[in-house]
Amino acid sequence: MKRGRFAPTPSGPMHLGNALSALIAWLHIRKDHGQFILRIEDIDTQRSKPEYARQLLEDLRWLGIDWDEGPDVGGPYAPYVQNKRLDRYESALHALEAAGRLYPCYCSRADLAAIARAPHGLASEGPAYAGTCRRLTAAERSTKSAAKTPSLRFALPDAPLRFVDEIQGPQQVPAGSGGDFVVKRADGMFGYQLAVVVDDAAMGVTHVVRGGDLLDSTPRQLWLYEALGLPAPAFAHVPLLLGEDGRKLSKRHGAVALRELQAAGAAPEQVVGWLAHVCGLRDRLEPVKASELLGDFRLENVGKQPIVVNGQMLRQIGEVSIKNSAT
Ligand code: GLU
């Protein structure tokens with residue numbers, strides 16, 4: 001049985017980019033009568049707000065996306081909210097520590113900025129860590145620990161990695177790419193990479209379909225699966241929606257939040273129809289229900305390239321609705 005999920009961070013209103021990822025993740029699972037999970041990724045308590053989480057659920061339902069397990073309906077792997085799963089991340093951390101895969105890092109933000117090397121093509125989490133603290137002796141570690149609480153980093157194996165992304169195709173990642181990454185910050189917050197791996201494994205997720213900005217997180221996650229002895233899911237990364245300035249589509253580009261589109265009178269069929277059209281699932285721009293896309297859905301039909309959205313394309317969402325109401 002295929003199991004997929006949508007795992008948003010409730011740090012802002014749901015926008016067209018999130019909606020596209022959620023839609024494709026849902027279609028990929030429902031097409032094969034699999035189970036779909038909604039998980040709220042709110043370990044970053046400073047960025048996350050319960051109000052956004054509540055809105056996300058409403059916006060997903062409005063789009064016609066449903067789930068079998070989630071924060072509101074429960075399920076066999078509850079809780080479906082990361083902030084209530086911290087004990088799981090702590091146990092995984094102990095396992096990694098016992099296996100000798102972690103080391104303490106005492107570098108400050110300023111140190112990191114100063115020693116940052118050119119990134120190895122990994123963009124989502126800043127420049128690669130140069131490994132300074134990996135080379136400390138035990139004596140140096142104990143002196144530093146007396147003065148400062150360290151963060152914990154995962155020591156990447158010295159080996160290249162290959163995997164096949166179900167949308168983006170074969171990926172080859174050189175050894176050490178991205179650098180050793182933080183799994184627990186000095187202030188106690190767990191890293192996204194660790195939490196997402198622990199949860200996807202614990203919840204039996206077989207297919208991860210998500211935004212293209214997380215493609216470069218995937219090698220780190222694959223190494224964590226390996227280190228924890230857990231089976232890794234299949235991955236597929238959905239093209240990002242970009243503004244004409246090449247940046248991820250956001251409110252600076254216009255009305256891209258589902259809330260705003262709803263307020264402007266758009267119907268879910270208009271938004272879903274527009275998403276299906278821009279990502280390559282439908283040739284024609286016409287209103288369609290999420291469930292109507294199931295019949296001929298194929299992941300192969302989703303385009304690979306980021307989708308550049310200009311103001312005229314955004315206005316088309318409303319025009320679909322006008323044409324529709326005029327007929
Ligand atoms: N919580 C992450 C985000 O909203 C997504 C995690 C994932 O899908 O792996 O960016």
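Residues numbered from 1 in each chain as written. Predicted model: local features only at pLDDT ≥ 70, side-chain atom pairs only at ≥ 80, totals over all residues. Heavy atoms only, no water.

Looking at an unreviewed UniProt entry, the protein chain carries the name Glutamyl-Q tRNA(Asp) synthetase, with the source organism given as Paenibacillus allorhizosphaerae. In its Sequence similarities (unreviewed entry) section, UniProt records this for the protein chain: "Belongs to the class-I aminoacyl-tRNA synthetase family. GluQ subfamily." For the record of the protein chain, the UniProt heading Function (unreviewed entry) holds the text "Catalyzes the tRNA-independent activation of glutamate in presence of ATP and the subsequent transfer of glutamate onto a tRNA(Asp). Glutamate is transferred on the 2-amino-5-(4,5-dihydroxy-2-cyclopenten-1-yl) moiety of the queuosine in the wobble position of the QUC anticodon." (UniProt positions renumbered as here; feature names shortened; annotations may be inferred.)

K.L.:
Tell me about the side chain of Ser-217, residues and numbers included.
P.N.:
For Ser-217, the position within the fold is in the loop between strand S8 (207-211) and helix H7 (218-228). Judged by its relative accessible area of 1%, Ser-217 is buried. Separated by 3.2 Å, the side chains of Ser-217 and Gln-193 make a polar contact. (Helix = DSSP H or I, 4+ residues; strand = E, 2+ residues; numbered from the N terminus. Buried < 20%, exposed > 50% of the residue type's maximum accessible area, 1.4 Å probe, protein only. Polar contact = N/O pair within 3.5 Å; in protein donor to acceptor, adjacent residues only side chain to side chain.)

K.L.:
Residue-level account of the site of the ligand, with values.
P.N.:
Taken together, the residues surrounding the ligand are Arg-5, Ala-7, Pro-8, Thr-9, Glu-41, Tyr-192, Val-196, Arg-210 and Leu-214. Taking Arg-5, its side chain carries an N or O atom lying 2.7 Å from an oxygen atom of the ligand. Here the ligand has 300 Å² of accessible area as a free molecule, and 78% of this is covered by the chains. In terms of residue class, the shell around the ligand is made up of five nonpolar, one polar and three charged. (Near = heavy atom within 4 Å. Areas by Shrake-Rupley, 256 points an atom, 1.4 Å probe, with all protein chains shown as cover. Nonpolar A, V, L, I, M, F, W, Y, C, P; charged D, E, K, R; others polar.)

K.L.:
Can you explain the pairing of strand S4 (residues 151-154)? Please cite residues and give values.
P.N.:
Burial of the side chains of S4 extends over both faces: Ser-151 and Arg-153 are buried on one face and Leu-152 and Phe-154 on the other. Summarising the sheet, strand S3 (residues 102-105) and S4 pair through four bridges and their orientation is antiparallel. Residue pairing in the sheet places Leu-102 in a bridge with Phe-154 of S4. Two strands pair when backbone bridges link them, and S4 and strand S7 (residues 181-184) are joined in this way by three bridges, in the antiparallel orientation. (Pairing = 2+ DSSP bridges.)

K.L.:
Would you mind going over helix H3 (residues 86-98) in detail, with residue names and values included?
P.N.:
The end-to-end C-alpha separation of H3 is 18 Å, in line with the 18 Å expected for 13 residues at 1.5 Å each. Lining the buried residues of H3 we find S3, S4, S7, helix H6 (192-202) and H7. Gly-100 sits one or two positions beyond H3 and adopts a positive phi of about 70 degrees. (Expected span 1.5 Å × (residues − 1). Contact = heavy atoms within 4.5 Å.)

K.L.:
Can you tell me about the pattern of salt bridges, naming the residues and giving the values?
P.N.:
Enumeration according to the criterion identifies 26 salt bridges in this entry. The partner of Arg-54 in a salt bridge is Glu-58, and the shortest N-O contact between them spans 2.7 Å. Here the residue Arg-54 and the residue Glu-58 both occupy positions in helix H2 (residues 50-63), the gap between them amounting to four residues, near one helical turn. We classify Arg-54 as partly exposed; its relative accessible area is 45%. Residue class for Glu-58 comes out partly exposed when judged on its relative accessible area of 34%. As a salt-bridge pair, Arg-252 and Asp-245 come within 4.0 Å of each other at their nearest N and O atoms. Accessibility expressed as a relative area gives 44% for Asp-245, which makes it partly exposed. Three or more residues are tied together by salt bridges with common partners; here these are Arg-5, Arg-39, Glu-41, Arg-85, Asp-199 and Asp-200. (Salt bridge = Lys/Arg side-chain N within 4 Å of Asp/Glu carboxyl O.)

K.L.:
Lay out the UniProt feature "binding site: L-glutamate" (unreviewed entry) in the protein chain with the relevant residues and their values.
P.N.:
UniProt feature "binding site: L-glutamate" (unreviewed entry): in the numbering of this structure it lies at Arg-5, Phe-6, Ala-7, Pro-8, Thr-9, Glu-41, Tyr-192 and Arg-210. Residue position: Ala-7 is located in the loop between strand S1 (3-6) and helix H1 (16-30). When sequence neighbours within four positions are dropped, the list of residues in contact with Ala-7 reads Arg-39 and Glu-41. Its place among the elements puts Arg-210 in strand S8.

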